[in-house]
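Below are the chains, spelled out letter by letter.
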Amino acid sequence: MMSQLSQPGRDDLTRDDLFSMLRNERRREVIHYLREHEGPVDLRDLSEYIAAMENDCTPEEVTYKQRKRVQTALYQMHLPKLADRRIVEYDRRAGRVELAAGADDCLPYLVADAAQPHRRWWRWYLLVAGVVAVPVVLAAAGLEPFASVSGLGYAVVACAAFVVISVAQVVQERGD
């Protein structure tokens, strides 16, 4: 028997349905954004916010292409799914979205998610790659003392650096 999260009388949202809805970061961010903004919001504003979050910039810096990519995904896939489960109310024609009664089932899980720090690990991997690449390029250019280190030496350093950052990511994510 599957446990139900909703109150009797509504179309019940099973735990599996709820987790299915919340496993996608864009859907979680839709709910976060709607919680912070009372009443219906414009799809364009919502798309701009999510695009800014995904591209690590401010909403003012979001390009048309970035916003449109997010808006299309929200319009075609995410918002209809959330609306079908009565988590949001979505008026496709007007491009307006707001929280529905079913969102109450999501809130305990989203509060726990929001409390965790979200580190953008790609930045660390990019930094390590850059730090390793500089001496390799200098060695290739024949500059001493970099040219005196073998290719195997640079490979060992690069592998060790990526192992360290990978282990740090695993430890941080499992500790959350």
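Just so you know, these numbers come straight off a predicted model, no measurement behind them.

S.K.: Quick one: what's the story with the confidence of the model for the chain, residue by residue and with numbers?
M.R.: Model confidence for the chain is summarised by a mean pLDDT of 84, while 87% of its residues fall at 70 or above. The spread of mean pLDDT over the elements of the chain runs between helix α5 (residues 107-115), the lowest at 64, and strand β1 (residues 41-42), the highest at 95. Every residue in residues 1-10 scores below 50 in pLDDT, and together they form 21 contacts with partners more than four places removed in sequence or on other chains.

S.K.: Just give me the short version of the packing of helix α2 (residues 25-36) against helix α4 (residues 64-84), but keep the residues and values in it.
M.R.: When two helices pack together, their arrangement is captured by the angle between the axes and the distance separating the axes. Running from N to C, α2 and α4 point in directions that differ by 80°, and their axes come no closer than 10 Å. By the angle class used here, α2 and α4 are roughly perpendicular. Here R26, R27, V30 and I31 of α2 come into contact with α4, specifically with R69, V70, A73, L74, H78, L79, K81 and L82. Here the contact of α2 with α4 is composed, by residue class, of seven nonpolar, one polar and four charged.

S.K.: Give a detailed account of the pairing of strand β3 (residues 96-99), specifying residues and quantitative values.
M.R.: Sheet analysis places β1 next to β3, joined by two bridges and oriented antiparallel. Across the sheet, the residue bridging to D42 is R96, located in β3. Of the pairings in the sheet, the one linking strand β2 (residues 88-91) to β3 comprises four bridges and is antiparallel in character. Looking across to β3, one finds that V88 is bridged to L99.

Conventions used here
- Residues numbered from 1 in each chain as written.
- Predicted model: local features only at pLDDT ≥ 70, side-chain atom pairs only at ≥ 80, totals over all residues.
- Heavy atoms only, no water.
- pLDDT = per-residue confidence, 0-100.
- Helix = DSSP H or I, 4+ residues; strand = E, 2+ residues; numbered from the N terminus.
- Contact = heavy atoms within 4.5 Å.
- Axes fitted to C-alpha atoms, helices over the stretch in contact; angles between N-to-C directions.
- Parallel < 35°, antiparallel > 145°, perpendicular 65-115°, else oblique.
- Nonpolar A, V, L, I, M, F, W, Y, C, P; charged D, E, K, R; others polar.
- Pairing = 2+ DSSP bridges.

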